[in-house]
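Chain and residue survey
What follows is the residue order along each chain.
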Amino acid sequence: MLFRSVALVGLSLGGNIAQEIVYRAPELVDALVVADSTCNTASRQPFETAWAIAGLASLGMTSQEVFLQRAALATAQDEAVQKYVLDVNANGSTRDAIQVVASLLASALHAERDYRLPIPTLLVHGDGDGMGDIVEGTRAWAEREPLGLYVTIPDAGHASNQDNPEVFTAELAAFLERELESGEIGRAH
């Protein structure tokens, strides 16, 4: 049976989810794009996760307005994108947002030094992404991935797809066209 090619594209937490799908079921995916996301299988310093969770908890002690302002500034460089972040999160709970990220840090990251992505992968981040270890971590991650392509999006923060959509989309399209050019792969499922 012939199936269309499958590429997973994930940004931020979506990138962590996409990585985990490839980790658990690599036969289901032909290409992966991880944007502005940390590597799930990277080794980290012993207390790095605990310090990150403590930092998040301290942010939770501020008002929701202060928390949202800091989140918007940390997420995007473009003022219109910052406003979008504020609007989208206006009715959300600060506690819930912190809990999601803390849960990711505490349980979804699993260091596996010898693991390599089994499919072509675009590893991308904004040049001004200030979230966690994403800039340094993605650069190091790309160096150890034989099937990885590393791209930095200029004039972009954590929301690189929204801060600089023209460059992000051009890089994404070129990668997918190159890796999935035939549109069909004969895989038996």
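It should be emphasised that the depicted structure is a prediction, and the values quoted were computed from it without experimental measurement.

Here's the deal with the pairing of strand 5 (residues 148–153)
Where strand 4 (residues 121–126) and strand 5 come together, 6 bridges link them in parallel fashion. Of the residues in strand 5, the one forming a bridge with Thr121 is Gly148. Taken together, strand 4, helix 6 (residues 134–144) and strand 5 form a β-α-β motif whose crossover is right-handed.

Remarks on the environment of Leu109
Its location among the elements puts Leu109 in the loop between helix 5 (94–108) and strand 4. Exposure remark for Leu109: the relative accessible area of 15% places this residue in the buried category. It is 4.5 Å that separates the C-alpha atoms of Leu109 and Asn40, two residues lying 69 residues apart in sequence. The residues touching Leu109, leaving out its near neighbours within four places in the chain, are Asn16, Thr38, Cys39, Asn40, Arg44 and Leu104.

Topic: the pattern of salt bridges
Inspection of the entire model under this criterion finds 2 salt bridges. Close ionic contact of Arg24 with Glu20 constitutes a salt bridge, the shortest N to O distance being 3.0 Å. You can see Arg24 and its partner Glu20 sitting in helix 1 (residues 13–24), 4 residues apart, about one turn around the helix. In this structure Arg24 comes out as exposed when scored by relative accessible area, which is 65%. Note that Lys83 is salt-bridged to Asp87, the shortest N-O span being 2.9 Å. Placement of both Lys83 and Asp87 in helix 4 (residues 79–89) is noted, with a separation of 4 residues, approximately one turn of the helix.

Description of the pairing of strand 3 (residues 31–35)
Taking burial as the measure, the 5 residues of strand 3 include 5 buried ones, the bulk of the element. In strand 3, alternate side chains face the same way, and those of Ala31, Val33 and Ala35 on one face and Leu32 and Val34 on the other are all buried. In this structure, strand 2 (residues 7–11) lies alongside strand 3, joined through 5 bridges in parallel fashion. Paired with Gly10 across the two strands is Val34, which belongs to strand 3.

Notes on the sheet that holds strand 5
Spatially, 2-3-4-5 is the arrangement adopted by the 4 strands of the open sheet, whose pairing is parallel. Of all the strands in the sheet, the pair left with one neighbour each is strand 2 and strand 5. Within the sheet, the average angular offset between the axes of one strand and its neighbour, ignoring direction, is 15°. Packing of helix 1 onto the sheet brings it into contact with strand 2 and strand 3, and relative to strand 2 it is tilted by some 145°.

Some thoughts on unusual backbone geometry
Within the chain, Ser12 stands out as a residue other than glycine whose phi angle is a positive 60°. Tracing the backbone shows Ser12 in the loop between strand 2 and helix 1. Even without glycine at this site, Asp36 takes up a positive phi of about 50°.

Some remarks on the environment of Tyr150
Its location among the elements puts Tyr150 in strand 5. On a C-alpha basis, the gap between Tyr150 and Leu122 in space is 6.1 Å, while along the polypeptide they are 28 residues apart. Setting aside chain neighbours within four positions, we find Tyr150 in contact with Leu123, His125, Val135, Thr138, Arg139 and Ala142. At a separation of 3.5 Å, a polar atom in the side chain of Tyr150 contacts the side chain of Arg139. At 3.4 Å, the side chain of Tyr150 and the side chain of Thr152 are in polar contact.

Conventions adopted
- Residues numbered from 1 in each chain as written.
- Predicted model: local features only at pLDDT ≥ 70, side-chain atom pairs only at ≥ 80, totals over all residues.
- Heavy atoms only, no water.
- Pairing = 2+ DSSP bridges.
- Helix = DSSP H or I, 4+ residues; strand = E, 2+ residues; numbered from the N terminus.
- Right-handed = clockwise from strand over helix to strand, strands pointing away.
- Buried < 20%, exposed > 50% of the residue type's maximum accessible area, 1.4 Å probe, protein only.
- Contact = heavy atoms within 4.5 Å.
- Salt bridge = Lys/Arg side-chain N within 4 Å of Asp/Glu carboxyl O.
- Axes fitted to C-alpha atoms, helices over the stretch in contact; angles between N-to-C directions.
- Polar contact = N/O pair within 3.5 Å; in protein donor to acceptor, adjacent residues only side chain to side chain.

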